[in-house]
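Take a look at the letters that make up each chain.
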Amino acid sequence: VFFQNFVPSFGKETVRTTAITPQFEQNMDYVDFIHLNILEKKVLNNSEVSVQYLCSKPCIVNLEAVASSEFRTGVSVYRRRWKDEKNLYISRTRQVHLKFPSIMVYRDDYIIRNSIIVHSVILYAWISHKSVSSYDVEQNEDYQNAVAKNYTFLEAVPPFERPFKDHKVCLQWGADYLWMLQANRIPQCPHESDGVQILNFIYASSGEKTGIVKKFEQFENRELETVRQHQIDYPMFTVSIWLYLLHHCEKDLCGILYFIDPKEMYSTPAVFLNEEGYVHIQMHLMRGDDLAVKTSFSLPLKQWFRLDLSFKGGQVEVSSVGKNLKRHHHQSFTFREDFYYDDTAGYFVVGGSGYVNGIEAFFGPVKYYRLNVLETEQISNPLHDKETVEQIELYYERCMDVQEIVYEYRYIVRQGEKVQRNCYYESYYLELIHKYGEESKCDAFMWGKELREKYHTLFKLLQEMDFSAPDVLEDGSDTVLEVGQRIFEKVAKSLSSTDGLSNMGSSVPLLVDSSCCGYHKASYFLAVIFETGLGVSVDRTKGLLYSLVGAQGNERLAVMNLGYKHYQGINNYPLDLELSYAYYSNIATKTSLDQHTIKGEQAFVETIRLMDDELLKAQTKENGDVFMWLKHEASRGNAAAQQRLAQMLFWGQQGVAKNPEAAIEWYAKGAIETEDPVLIYDYAIVLFKGQGVKKNTKLALELMKKAAAKGLPQAVNGLGWYYHNFKKDYRKAAEHWLIAEELGNPDASYNLGVLYLDGIHPGVPGRNQTVAARYFYKAAQGGHIEGTLRCSLYYITGNMEDFPRDPEKAVIWAKHVAEKNGYLGHVIRKALNAYLELSWHEALLHYVLAAETGIEVSQSNLAHICEERPDLARKYLATDCVWRYYNFSVSQVNAPSFAYLKMGDFYYYGYQNQSKDLELSIRMYAQAALEGDSQGFFNLALVMEEGNSIPSYILDHLEIDQALHSSNTSLLQELYYRCWNNSNQESISPCSLALLYFYMRVFWNNILQSTLIYFMGTFLLSILVAFAVQHFQSLSARNSPGTRSEPLSDEPSSSGNSNEDATRLVQPDESTFSNDLAQQDSNLQNPLVMG
């Protein structure tokens, strides 16, 4: 259909042929040949083709272009032929200009209505000899019977990349006008390729059940989309993955790259790693079941290599390629089965997921060719960041040495101790020396001088350590990790001292050794130190290295650091929401588990700002006044005090150290002595779960029923949990959860979702993921951690009907949960305690560690410290602390209004080496205003007072009526009114004074602008002047000639204005500065989540 307008175009000879002097003798045997040379192999009009040929007999030279589209193939679109009877045995060259039908080479316009998409164009050239005997008879000149022939491919140009044709005609006015109306409506399709860069930056996979989720959409290009659909039952694709593998899979299979369909089942392709290091490849068949194969070669450890897989119908090719792109291994598999492959019906996962653990490795670039089968040499997937790649290799080479030294040193010391103990039974003197003398040391080294010099710091530390204590497990890895922990604790103690940061230079080598021993808190310390220049020079490469190493080692803060950097696209980290989600979801998953683990260095994450004096005064310790008062009231039977005291001790809140055992004593005391339903419920929970106390299901059930009878929603939910977990009575569980959900309990909503997801809801056959997702969303809206995490997964996969794919929302929800992690809370609490104790070095160190994870409260607190102690910040931080962390703060979704005001001032006045930016300043003030801060409106009004205008889009964002946009007076009135409306109206504030002053100015201006008053005032003034002149003349006449009367003059007092800029943006209500900030919840309703 689309080729019906094709007319073969016979081109005209445009250039005389050029003879080439033959470089051979006439008596030689000659072979006819024909060659084509095209500079630009595209389907363009007037493309020049150089045809070189030689005829040994009178011949006819033929050129023909054959095109194929989606609907027709083998259509001739260009033909050209010429005879050559005289120039025999001579190589000749002729230049020919190709000419194609307009619908192939031009865009649609008023005349060309339907340009076509061409799949392929082949230009054929051949020579046919003329027969002398049958000169006038029609001869067979087709391509197949040619004496010499050749061909070349021409690349088709997509329709919307083609030029418009100059038709050299004049359209009527009406036709031309109609064309102009629709000319710009032709869609501008971007260039589209089947090659997808799934990953372009190094990803640290820790072997957890989280990974990178990617979803492919249908092609916009109709041609590519048609090809994709045709290949559903005959897959043709290639995937190339760079890997640095640390360990083979611990058990079963670990995910490398796999596809999950809408039914949450594996589909084609699914690539895993097994325990022996072999690649497990699984395909989904057209008939519905699966087929899997395993390679005969294993993947190497601790070296970079590229894993290439190509699928062509039933043939699978697997190759392992080194850094030098030389093939190490290759294997082919051939099947007679038809594979099913639809890469848009589901999503891809790189690494782990809820169904399988990921590999323990670093992923490099991952390239996916959706429609093509490529050889290893054809794949374009280079290792970009070669410096980081080499740093990772060097790091693990060094760490192998360190771990070997530590293990052997410990072994030697322990063996020596065994020999000594054998002698103690024979010598009482030796036994006393061992008991009261110095610790055992190893002074005789078995290592060479070169190695001792290279690791002299490590050997010195090992000599100072006591290895006499038995290990938790007799395993070398535990010993190495314990040494790493001891080194780190020593360094952390040194850095937290009075002038600790001055020791940073000597601490870095120790932290490197600790990191190599597998203690990755040290890795995160190093990452932050090098990225921020904390006591050392900034080194982005090392910062990235230790961030990746720490994240791969599952250090929670290091993982969050990478998640945050990829979420914001800062510090040379590419913006990659899917990669950010992979990191954040890892910690979000751990957060729920950590909260149910009473051990470990954890504390409740509290939003306490250093400029909030009220919250700072409420911080206490076990010997503090607040704690002692609560303890006194709790001892007297005050239920509220008992509840608050127990919560502080159980979660480690308000500066109190975490002490679950003491908390449970107060829960028990309150549950037995009072009728408070919350205390009864909390104690029932710890009895059910056996957290810090022996399990007692019978008593726990009695207490839970008692709390539920008092109408406590979480207790009703707890009864449902009991029937679900202990009795397997899903009907009763659902009944209680429905009641609790109606009472607004988010735990009950989540539990009902689980019933639908597992397919065990009474009266509902089978699983219902859609209803389950709705319950999870309701739970998430109520702050439920697991519900929020479930919804973030739905948003990243886009596999649920009610949850369209939204990677940014997925990251925000996962980040929200991750930032509740107790290990992060512990670092924040250490920073706050250090600040309260005026331990500036320790406070700066720990606030930097917390701020780099992306949690906003620590970022704004760190900026505040740097403002409070600029000398400390300048001395120990290579980055501009105030600018950097206030800037980070305002980039967050939960940024406080004072951070917007700070950045607004910086942009308005300029900050150090940062230039002024009026529009950004106004945007910051406007954002503060949207947060309900009166200072934001006040500053916007003053910006206008100074002669600046506010852009209309900002006024629209503030929802100011467009009728007011054109009048400065009306705008100022609206801004001052909103300023007053958002401030404390019970007291006189700058906003109220500013609004009063504005009304007075308007009133006075109206008086001065009145015409009647103007003339009346002029008349009265002239009478007054005349009277005064007459009066002075009379006085002058009366005075003596030697004296003269002078009028007194009042000099107006000048008011200094030199500090106007410095005090222009004044806080309208200092007493209520922090009223809108997040406050500490003193009455937590659900400290222990059931479910």
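All of these numbers come straight from a predicted model, not from anything done at the bench.

Q: Outline the overall build of the chain, listing residues and values.
A: Helix and strand counts for the chain stand at 38 helices and 22 strands. A total of 1091 residues make up the chain; the buried ones form 50% of that total. Partitioning the contacts of the chain with sequence separation of at least 6, the portion at a separation of at least 24 is 67%. Surface exposure of the chain reaches about 54,300 Å², of which carbon and sulfur atoms provide 51%.

Q: Please give an account of the packing of aromatic side chains that cites residues and values.
A: In total, this model carries 52 aromatic pairs according to the counting rule given. Measuring from centroid to centroid gives 5.4 Å for Y258 and F272, while their planes differ by 20°, and the two rings are stacked. Of this pair, Y258 sits in strand β14 (residues 254-260) while F272 is found in strand β15 (residues 266-273), placing the two residues 14 residues apart along the sequence. Here F688 and Y722 contribute two aromatic rings whose centre-to-centre distance is 5.8 Å and whose plane-to-plane angle is 35°, an arrangement assigned as tilted. With a gap of 34 residues between them, F688 in helix α18 (residues 677-689) and Y722 in helix α20 (residues 713-725) connect regions that are remote in the sequence. Comparing F688 with Y722 shows no difference in burial state: the two are buried.

Q: Describe the pattern of salt bridges, with residues and values.
A: Once their charged atoms are close, side chains differing in charge can pair, the charge on each being opposite to the other. As enumerated under the stated definition, the model contains 30 salt bridges in all. Where R370 meets D343, a salt bridge forms, and the shortest distance between an N and an O atom there is 2.9 Å. In this pair, R370 sits in the loop between β22 (360-369) and α4 (386-424) while D343 sits in the loop between β20 (327-334) and β21 (347-351), placing the two residues 27 residues apart along the sequence. Of the two residues, R370 and D343, both sit in the buried class.

Q: I'd love a proper account of the sheet that holds strand β17 (residues 290-298), names of residues and values included.
A: Pairing in this open sheet of six strands is antiparallel, and the strands run β12-β21-β14-β15-β16-β17 from one edge to the other. Each edge of the open sheet is held by one strand with a lone partner, namely β12 (211-214) and β17. Here the strands of the sheet are splayed against their neighbours by 10° on average, with no regard to which way each runs. Where β14 and β15 come together, six bridges link them in antiparallel fashion. What sits directly across from L257, in β15, is V271.

Q: Give a description of the environment of E489 that names residues and reports values.
A: Along the chain, E489 falls in helix α8 (residues 476-495). Owing to a relative accessible area of 42%, E489 belongs among the partly exposed residues under this scheme. Between the alpha carbons of E489 and L511 there is a distance of 9.8 Å; along the sequence they are 22 residues apart.

Q: Break down the side chain of H284 for me, with residues and values.
A: You can see H284 is positioned in strand β16 (residues 278-284). The buried category is assigned to H284, whose relative accessible area is 17%. When neighbours within four sequence positions are excluded, H284 is seen to be in contact with Y266, S267, T268, D289, D290, F339 and Y340.

Q: Any details on unusual backbone geometry? Residues and values, ideally.
A: The step from T268 to P269 runs through a cis peptide bond, and the omega angle for that step is -5°. At N571, a position not held by glycine, the phi torsion is positive, near 55°. Assignment of secondary structure puts N571 in the loop between α12 (556-568) and α13 (577-595). Residue classification places N571 among the buried residues on the basis of a relative accessible area of 16%. Phi at N572 is positive, roughly 70°, even though this residue is not glycine. Mapped onto the secondary structure, N572 falls in the loop between α12 and α13. N572 gets classed as exposed once you look at its relative accessible area, which sits at 67%.

Q: Tell me about the packing of helix α31 (residues 897-909) against helix α32 (residues 918-930), residues and numbers included.
A: Contact pair α31 / α32: the axes reach a minimum separation of 8 Å and the direction vectors enclose 165°. When the axis of α31 is compared with that of α32, the two are roughly antiparallel. Considering how the two elements wind past one another, α31 and α32 form a crossing that is left-handed. Touching S897, Y900, L901, M903, G904, D905, Y907 and Y908 of α31 are L918, L920, S921, M924, Y925, Q927 and A928, all from α32. For the contact of α31 with α32, a count of residues per class yields ten nonpolar, four polar and one charged.

Q: Account for the packing of helix α30 (residues 881-890) against α31, with residues named and values stated.
A: At a minimum axis separation of 9 Å, α30 and α31 run at an interaxial angle of 130°. With respect to each other, α30 and α31 are oriented oblique. The interaxial crossing formed by α30 with α31 has left-handed handedness. Only F898, A899, Y900, K902, M903, F906 and Y907 of α31 make contact with α30, whose side of the interface consists of V882, W883, Y886, N887, S889 and V890. Its residues assigned to classes, the contact of α30 with α31 shows ten nonpolar, two polar and one charged.

Q: Lay out the confidence of the model for the chain in plain terms, naming residues and giving numbers.
A: The predicted model of the chain averages 82 in pLDDT, with 82% of residues at 70 or higher. For the stretch residues 471-476, pLDDT sits under 50, and the model shows eight contacts to residues farther than four places along the chain or on other chains. The low-confidence segment residues 1039-1091 (pLDDT under 50) makes 88 contacts with residues lying over four places distant or belonging to another chain.

Q: If you had to explain the state of the cysteines to someone new, which residues and values would you point to?
A: Applying the stated criterion across every chain, the model contains five disulfides. Note that C55 is cross-linked by a disulfide to C59, the S-S spacing being 2.0 Å. In this structure the cystine formed by C55 and C59 twists about its S-S bond by roughly 80°; its chirality is therefore right-handed. Here C55 and C59 have matching classes, each one buried.

Q: Could you give an account of helix α25 (residues 807-818), naming the residues involved and the relevant values?
A: For α25, built from twelve residues, the straight-helix expectation of 16 Å at 1.5 Å per residue is met to within 8% by its first-to-last C-alpha distance of 16 Å. All buried positions along α25 are accounted for by P807, A810, V811, W813, A814, K815, V817 and A818. Elements in contact with the buried residues of α25: α12, α13, α23 (769-781) and α24 (785-797).

Q: Explain the side chain of R306 to me, and be specific about the residues and the numbers.
A: Locating R306 in the fold gives a position in strand β18 (residues 304-312). A relative accessible area of 2% means that R306 is categorised as buried. Among the polar contacts made by the side chain of R306, one reaches the side chain of D308 at a distance of 2.9 Å. Ignoring sequence-local partners within four residues, the contact set of R306 consists of S240, I241, W242, S319, S320, V321, L325, T376, I379 and N381.

Q: Before we move on, could you go through the pairing of β15 and cite the residues and values that matter?
A: Across the eight residues of β15, seven count as buried, placing the element largely inside the fold. Linkage of β14 to β15, two consecutive antiparallel strands, is achieved through a turn of five residues, within which E264 is found at a positive phi near 60°. Between β15 and β16, which pair antiparallel and follow one another directly, the connecting turn spans four residues, one of which, G277, has a positive phi of 90°.

Q: Now, about α18: what can you tell me, with residues and values included?
A: Between the first and last C-alpha of α18 there are 18 Å, a value that for 13 residues agrees with the 18 Å anticipated at 1.5 Å per step. Within α18, eleven of the 13 residues are buried, which leaves it mostly tucked inside the rest of the structure. Of all the residues in α18, the buried ones are V678, L679, I680, Y681, D682, Y683, A684, I685, V686, L687 and F688. In the segment just after α18, G690 is the residue with positive phi, at about 70°.

Q: I'd like a description of the environment of A895, backed by residues and values.
A: Of note, A895 is situated in the loop between α30 and α31. A relative accessible area of 5% places A895 in the buried class. Between the C-alpha atoms of A895 and Q859, which are 36 residues apart in sequence, the distance is 9.9 Å.

Definitions and limits used
- Residues numbered from 1 in each chain as written.
- Predicted model: local features only at pLDDT ≥ 70, side-chain atom pairs only at ≥ 80, totals over all residues.
- Heavy atoms only, no water.
- Helix = DSSP H or I, 4+ residues; strand = E, 2+ residues; numbered from the N terminus.
- Buried < 20%, exposed > 50% of the residue type's maximum accessible area, 1.4 Å probe, protein only.
- Contact = heavy atoms within 4.5 Å.
- Areas by Shrake-Rupley, 256 points an atom, 1.4 Å probe, with all protein chains shown as cover.
- Phe/Tyr/Trp six-rings, centres within 6.5 Å; stacked < 30°, edge-to-face > 60°.
- Salt bridge = Lys/Arg side-chain N within 4 Å of Asp/Glu carboxyl O.
- Pairing = 2+ DSSP bridges.
- Axes fitted to C-alpha atoms, helices over the stretch in contact; angles between N-to-C directions.
- Parallel < 35°, antiparallel > 145°, perpendicular 65-115°, else oblique.
- Left-handed = near helix turned anticlockwise from the far one by under 90°.
- Nonpolar A, V, L, I, M, F, W, Y, C, P; charged D, E, K, R; others polar.
- pLDDT = per-residue confidence, 0-100.
- Disulfide = S-S within 2.5 Å.
- Expected span 1.5 Å × (residues − 1).
- Polar contact = N/O pair within 3.5 Å; in protein donor to acceptor, adjacent residues only side chain to side chain.

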